[in-house]
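So the chains spell out like this:
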Amino acid sequence: MNTAKARTAAGQADTIIVGGGIFGLFCAMTLAEAGKSVILLDKGRIWAEASAVNAGSLGVQNKLPALIPYTLWSWDIWNTLSDRLGADLGLRRNGGYKIAMTEDEAARLGRVVSEQIDYGLDAQRLSPAALRAQAPWIAPDCMAATWSPQDGYASPTRVGPALRRKVESLGVRIVEGAAVAAVENGPDIRVLTTAGDFHGTELAITAGAWSATIAAMLGVKIPISLDVNMVSVTEPARPTIECIVTHARGILTLKQVANGSCLIGGGWQGIGSIGDSRKDIDHDQLVHNLRLAMRVIPGLAPLNILRSWAGYEGVTPDSYPYLGRLPGHDNVYLAACARGGFTLGPLMGTLLGELILTDRPSRPITIFDPARFSNAAA
Amino acid sequence: MPQPKMRFIPGVVPNAGTLSFSFEGNEIPARPGETVASALMRAGVPVLRRTRIENQPRGYFCGMGICWECAVFVEGTGVVRSCGEPARPGMVVRLAEAEV
Amino acid sequence: MANPVFTPTNANSDAPVIVIGAGPAGLACAQELVAGNRRVVLIDDNIQPGGQYFRQLPPGYSTAPRARLMRDKARYDDLARVLDSPLLTHLPRTTAWSFPQPGTVAHAGPLGSGRIAGSAVVIATGAQERSMPFPGWTLPGVISAGGCLNLAKAHGLVPEGRVVVAGNGPLVLVAAATMAAAGARVTTVAEAQQSRRLAGAALSGVVAAPGILAKAAQYRAQILRAGAAWKTGWMVSRAHGDETLREVSIAPVGPDGRPDLTRERTIPADLLVLGYGLMPGSDAARLLGCRMELRPDLGGLVPVRGPDLQTSTAGVYAVGDGAGIGGVEVALIEGRLAAHAILGTPAPKQLAHRYRTLDRFRRALNSAYVLPTPLRAADDDTIICRCEELRLRDLKADGNAASGSLNTLKTSSRLGMGRCQGRNCLHTAAGLLGLSPETMVETMPRFRPPLRPVPLARLAADRDAGPAREPDEIILSEAKD
Ligand SMILES: Cc1cc2nc3c(=O)[nH]c(=O)nc-3n(C[C@H](O)[C@H](O)[C@H](O)COP(=O)(O)OP(=O)(O)OC[C@H]3O[C@@H](n4cnc5c(N)ncnc54)[C@H](O)[C@@H]3O)c2cc1C
Ligand SMILES: Cc1cc2nc3c(=O)[nH]c(=O)nc-3n(C[C@H](O)[C@H](O)[C@H](O)COP(=O)(O)OP(=O)(O)OC[C@H]3O[C@@H](n4cnc5c(N)ncnc54)[C@H](O)[C@@H]3O)c2cc1C
């Protein structure tokens, strides 16, 4: 133990992890629990990007059908996480409505939910009358809805500090303000950062939307595009919407959290790029996001909006995450870019850790192969 | 012990006539144009909201639109700063808690 | 950090100048612009124009000629004539909530919501008060100096019962004198600064601005005439009461800036007025991405300005107390100077000269009231964040208390996440947790729109929003066929 500590203090570890979001922290926890020495690097503070600023939905209904099993497995981790971390994570599993406001959307909702049910989603279709009885706060002209008891949410601002405490107690060395500038892969990995050099046997890239830039340092091209998602929060209100609300077309997510505030998102795009680091509100799209929220839940109209913000989410061409070895590098691993990555992060980080530890993760990961687009092109 | 009230400064001539609104079910008189906070403080009602977690009393504080301690809930309108909201006849006002 | 470049495409067209804030600075600026034949849109979130200093009674109220109100009415009436000009559009009860582009202001209010592209933007959003938390400061009956002045000015009210005024700075004088003039029973005034340091300030001021000092002397006389005990070097230590204020404890300021509780005195009070200083309301400039600097002589964090009062964002000007604490005279002159800069006309020599004098004076005054050690009466049990009900203990116990970053602490503790948007608490929390002013500024959370809380429906009512780009998610199964 002490030698491990001395080694990490000197910048050496079994595994160097780049990126301290939810993916990186779960990977670190998995490795450290198995006795590996770990250094976790972040360009700024950990838990300051997507994992910190996201809307906290732990939705199952809003996932692609093939990702439903993974979402449920991730929920298995979420379910016991408060105990494991010994902290209140603002976690609730009160279910969720997925709604359709037009006939087209209703048709789509119906098609998708059948497919999702085939993959293991527990959901039921609600007649408009049943919906009105259960959720009178949803607009009366809502065309169709499904209900799943499996949806929920957690508070990103609580999860981060609790995870940090946990991995630090496991001996993980967190180095903040260590922006990775270059990676050399000889027999060992050498990571050059603004806070010094670090050496490891393996490298895990969990740098979210920035993962492609790290892969590029090793000469590997991984397609990642950038979403600049916006979220708004209202003043606290009397608890009414005690579950999450999502939309047949994925353009609205909404929930009322523990303090009574409503969080409004849906992937409406703000302004910014990896290059300029802007994370600005697109005022036009913000207004449309709010209009849609008000159309679906008219009772939101008088609530004061207190803040709107934007954050970066990396997206793959097929919207499935990357999880696996970096093509051409046996000792470099990648996990990044799940749509709904707050929900999926615990599983993705854990599977990455298992892959590094045993080469045999407990769940199939072939559909997430980081090489899938380079192979297709070749 | 009755709470000392606010009163009009001698020489200030408010608008003639009175209207009334309700606050937590009690009828509160107000002059036309007078704010909700002003009418409540003249009526000897210093507690304008209660806090969400500890249920502590709060009242008029900054008077300039920054602190939101004087927030009240107005039926049909939502949560407003009572120090900047003119009283309207028949208005139904409660301790601040927004409603969806 | 990249500063958005405002290319004032409308600079030479007849697009209006957008003035945010209808206080002395905004009104004076508008008046000068209109005199120069410029169109102006004046946005202010109050029912009536006037800002802090010229705060008006509700429409229709009148005052008897001998009413004891300190209203400076003649000057206001003169300024307010600009509101009748056909060149000016006044949007009352309207919040300037954001800047979709540096030259465009998004506004929302009961009269409608939309955007205006200006040929220039003038930020005249005024000051806010500094909090000095202490046990009991959240009780109803404890109010700020602004709250006190507006009781009289905006509502025409005076409290029955006993009034105690405590604070540090010119506000103490103003608040106590206002209460006394309105006929309140001011029993005690506690100024934290030692009187000898104030005398120093007075001397440096005599040269610069005798008029203002005369006014201060007059205030002081008024307070003493009202029979109040006047204590310098004393501060408030506690407020007592259950549902409302009943008593106030005051104590001499110790060398560590804390109340010396061994000499604490408790006095009955029905209203406690706090005036622990002003700081510029810099949110609008920060939201715009203007370069900011920490200037104790200007009262805190302010936008960097050129001699023409332009910020680092071209076409955006900042004037009045929002750009540096200076009081009404400075605000009026800065408004006019910015107008001249926008019009491209030279400012009258006399105006520029008077500004130089007043600017010197206000900087001396702000510095004179800076205490050797910041005041500190909060104990672990004291509420720091009034909205989220966070006590000092909660903040100290937060895992990120030692992070040295206000932003990091905010995200984990919820500090500043309520309706006040951090205005009541962020600065004080930083000080109480031992962050240097520089670190506080560096790690301050980015200001997120809207600039003030705005009902969702009013943001949604934006009549000028561009077309929607719906972030429709892909459906793999459908994409395949
Ligand atoms: C506004 C918004 C709302 C969202 N809402 C939801 C939601 O409600 N539910 C949901 O499930 N998902 C949501 N998501 C998605 C989810 O937040 C992300 O998918 C997830 O947090 C990604 O985690 P991560 O660890 O991969 O990335 P991140 O949390 O972004 O972490 C990546 C880390 O890598 C670091 N890094 C980058 N480059 C370098 C470098 N060169 N050197 C060192 N470190 C580096 C970064 O600083 C960062 O800390 C939302 C995303 C956003 C932006
Ligand atoms: C409590 C208090 C007491 C004072 N007493 C005195 C005194 O006695 N003598 C003195 O010389 N000075 C006094 N001052 C200083 C005072 O601020 C200035 O004298 C003067 O009012 C400053 O003028 P201004 O135009 O810069 O700002 P203000 O008068 O404060 O006007 C700014 C206006 O902008 C509005 N506003 C701000 N943000 C927005 C937004 N986003 N959208 C729409 N509107 C917005 C505000 O509501 C306000 O009406 C006092 C200040 C305070 C706070």
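Position numbers for residues start from 1 in each chain and track the written sequence from start to end. As they are written, the chains are lettered A onward and the ligands numbered 1 onward, keeping that order. With the structure being a predicted model, the display of local features is reserved for residues of pLDDT at least 70 and the display and counting of side-chain atom pairs for 80 or more, all residues being used for whole-chain, interface and lining totals. Hydrogens and water molecules were not included; the side-chain quantities draw on all heavy atoms of the structure.

### Comments concerning the overall build of chain B
- The numbering of helices and of strands both runs from the N terminus, where a helix is a DSSP run of H or I of at least 4 residues and a strand a run of E of at least 2. Check the secondary structure of chain B and you find 1 helix and 9 strands.
- For chain B, the succession of helices and strands along the chain, N to C, is β-β-β-β-α-β-β-β-β-β.
- Taken over C-alpha atoms, the radius of gyration is set against a globule rule of 2.2 Å times the number of residues to the power 0.38. Relative to the compact-globule value of 13 Å for 100 residues, chain B shows a C-alpha radius of gyration of 13 Å, a close match.
- Dimensions of chain B, computed from the C-alpha atoms along their principal axes, are close to 40 × 30 × 30 Å.

### Looking at the domain arrangement of chain C
- Delimitation of the domains relies on an automatic or database domain assignment. Under the domain assignment, chain C is made up of domain 1 (9-127 + 279-368), domain 2 (131-276) and domain 3 (383-476).
- On a C-alpha basis, the centroid separation for the pair domain 1 of chain C and domain 2 of chain C is 28 Å.

### Some thoughts on helix 5 (residues 103-118) of chain A
Residues and elements named next belong to chain A.
- Under the convention used throughout, the expected extent of a helix is 1.5 Å for every residue step, that is, one less than its residue count. The first and last C-alpha atoms of helix 5 sit 23 Å apart over 16 residues, in line with the 22 Å expected at 1.5 Å per residue.
- Whether a residue is buried, partly exposed or exposed follows from its accessible area with a 1.4 Å probe, protein chains only, as a fraction of its type maximum: under 20%, in between, or over 50%, in that order. Looking only at helix 5, the buried set comprises E105, A106, R108, L109, G110, V112, V113 and Q116.
- As for helix 5, its buried residues are in contact with helix 4 (68-85), strand 4 (96-100), strand 5 (124-126), strand 6 (144-148) and strand 13 (244-247).
- Count one or two residues on from helix 5 and you reach G120, which has phi positive near 115°. Residue contacts are counted whenever heavy atoms from the two residues lie within 4.5 Å of one another.

### A few points about the site of ligand 1
All names here are of chain A.
- The cutoff for a nearby residue is simple: one of its non-hydrogen atoms must lie within 4 Å of the molecule or strand. Neighbouring ligand 1 are 34 residues; D42, S51, S57, V180 and T343 lie closest to it.
- Contacts described as polar in this section are N or O atom pairs within 3.5 Å, which, within protein, must combine one atom able to donate a hydrogen with one able to accept it, while residues neighboring in sequence count only if both atoms come from side chains. Here an oxygen atom of ligand 1 sits 3.3 Å away from a polar atom, N or O, in the main chain of G56.
- Between an oxygen atom of ligand 1 and a main-chain N or O atom of G341, the distance comes to 3.2 Å.
- What sets the accessible areas is the Shrake-Rupley method with a 1.4 Å probe; for residues, cover comes only from the shown protein chains. The fraction of the free accessible surface of ligand 1 (1,000 Å²) that becomes covered by protein chains is 94%.
- Taken together, the elements giving at least two residues each to the shell around ligand 1 come down to helix 2 (22-33), helix 3 (50-53), strand 12 (225-234), strand 16 (304-315) and helix 10 (341-358).
- For the shell around ligand 1, the residue count by class is 16 nonpolar, 14 polar and 4 charged.
- Counting only domains with at least three residues in the shell around ligand 1, you end up with domain 1 (3-51 + 157-224 + 318-372) and domain 2 (91-152 + 226-315). Note that Gly is not counted as nonpolar here; it falls among the polar residues with everything else outside the nonpolar set of Ala, Val, Leu, Ile, Met, Phe, Trp, Tyr, Cys and Pro and the charged set of Asp, Glu, Lys and Arg.

### Points about the sheet that holds strand 17 (residues 265-268) of chain C
Residues and elements named next belong to chain C.
- Pairing between strands is defined by DSSP: at least two bridges between them are needed. Read from one edge to the other, the open sheet built from 3 strands follows the order 15-16-17, with strand pairing classed as antiparallel. Each edge of the sheet is formed by a strand with only one pairing partner; in this case those strands are strand 15 (234-240) and strand 17. On average, each strand axis in the sheet is tilted by 30° relative to the strand beside it, whichever way the strands run.
- Taken together, the 6 bridges between strand 15 and strand 16 (residues 247-252) define a ladder with antiparallel strand orientation. Each residue of the ladder has a partner; that of W234, found in strand 16, is P252. Working convention: axes come from line fits to C-alpha atoms, limited for helices to the stretch in contact. Angles between N-to-C directions cover 0 to 180 degrees.

### Brief notes about the site of ligand 2
- In the vicinity of ligand 2, 33 residues are found, and the nearest of them are D44, D45, Q52, D321 and V328 of chain C.
- Surrounding ligand 2 is a set of residues that belongs to chains B and C.
- Here D45 of chain C contributes a side-chain N or O atom positioned 2.6 Å from an oxygen atom of ligand 2.
- Side-chain polar atom of D321 of chain C to an oxygen atom of ligand 2: 2.7 Å apart, as the coordinates give it.

### A closer look at the packing of aromatic side chains
Residues and elements named next belong to chain A.
- Only the six-membered ring of Trp is used, alongside the rings of Phe and Tyr, when aromatic pairs are assigned; centres must lie within 6.5 Å, and planes under 30 degrees apart are stacked while those over 60 apart are edge-to-face, with the rest tilted. Scanning all chains against the criterion turns up 11 aromatic pairs over all chains.
- For the ring pair W210 and Y312, a centre distance of 5.7 Å and an interplane angle of 40° mean the geometry is tilted. Taken together, the positions of W210 in the loop between strand 11 (196-205) and helix 8 (211-217) and Y312 in strand 16 put the pair 102 residues apart, joining distant regions of the chain.
- The class for W210 is buried, based on a relative accessible area of 17%.
- With a relative accessible area of 3%, Y312 lands in the buried category.
- Their ring planes at 80° and their centres at 6.2 Å tell us that Y322 and F373 sit as a pair that is edge-to-face. Here Y322, found in strand 17 (residues 322-325), pairs with F373, found in helix 11 (residues 372-377); they are 51 residues apart in sequence, far enough to count as distant.

### Some details on the pairing of strand 7 (residues 71-74) of chain B
Residue and element names in this part refer to chain B.
- Alternating positions in strand 7 separate into two faces, A71 and F73 on one and V72 and V74 on the other, with burial throughout.
- When strand 7 meets strand 8 (residues 78-81), the two strands line up antiparallel, connected through 4 bridges. Opposite V74, over in strand 8, you have G78 as the bridge partner.
- Linking two consecutive strands that pair antiparallel, namely strand 7 and strand 8, is a turn of 3 residues; a positive phi of about 85° is found at G76 within it.
- As defined by bridge partners, strand 7 adjoins strand 9 (residues 92-95) across 3 bridges and the pair is classed as antiparallel. Each bridged residue has a counterpart across the sheet, and for F73 the counterpart in strand 9 is R94.

### Description of the environment of P16 of chain C
Residues and elements named next belong to chain C.
- Considering the arrangement of structural elements, one finds P16 in the segment before strand 1 (17-20).
- Residue class for P16 comes out buried when judged on its relative accessible area of 7%.
- When residues no more than four places from it in sequence are discounted, the contact partners of P16 are R39, V40, V41, I116, A117, G118, S119 and A120.

### Examining the interface of chain B and chain C
- With 51 residues of chain B in contact, the opposing surface of chain C contributes 58 residues.
- Reported buried area values correspond to the accessible surface (1.4 Å probe) lost by two parts on association, with both partners' losses combined. Carbon and sulfur atoms supply 54% of the area that chain B and chain C bury against each other, a total of about 4,400 Å² over both sides.
- The largest share of the area that chain B buries against chain C comes from I9, F61 and M64 of chain B, three residues that together contribute 16% of it.
- A side-chain nitrogen of Lys or Arg and a carboxyl oxygen of Asp or Glu constitute a salt bridge if their distance falls within 4 Å. Across the chain B-chain C interface, the total number found is 5 salt bridges.
- The residue R93 of chain C makes a salt bridge to E85 of chain B at a minimum N-O spacing of 3.2 Å.
- Seen at the junction of chain B and chain C, the total is 22 residue pairs in polar contact (both at pLDDT 80 or more).
- Elements represented by at least two residues in the side of chain B that touches chain C include exactly strand 1 (6-8), strand 2 (12-13), helix 1 (36-42), strand 5 (49-50), strand 6 (57-58) and strand 8 of chain B.
- Its residues placed into classes, the side of chain B that touches chain C shows 26 nonpolar, 12 polar and 13 charged.

### Digging into the interface of chain A and chain B
- The interface is formed by 16 residues belonging to chain A together with 9 residues belonging to chain B.
- Here chain A meets chain B over a buried area of about 960 Å², counting both sides, of which 55% is carbon and sulfur.
- Counting the contacts that link chain A with chain B gives 0 salt bridges.
- Between the two partners, chain A and chain B, sit 2 residue pairs in polar contact (both at pLDDT 80 or more).

### Let's talk about the pattern of salt bridges
- Applying the stated criterion across every chain, the model contains 57 salt bridges over all chains.
- Between R45 of chain A and E176 of chain A there is a salt bridge whose closest N-O contact spans 4.0 Å. In this pair, R45 of chain A sits in the loop between strand 2 (38-41) and helix 3 while E176 of chain A sits in the loop between strand 8 (173-175) and strand 9 (180-185), placing the two residues 131 residues apart along the sequence.
- Among the salt bridges present, the one from R249 of chain A reaches D472 of chain C, with a minimum N-O distance of 2.9 Å.

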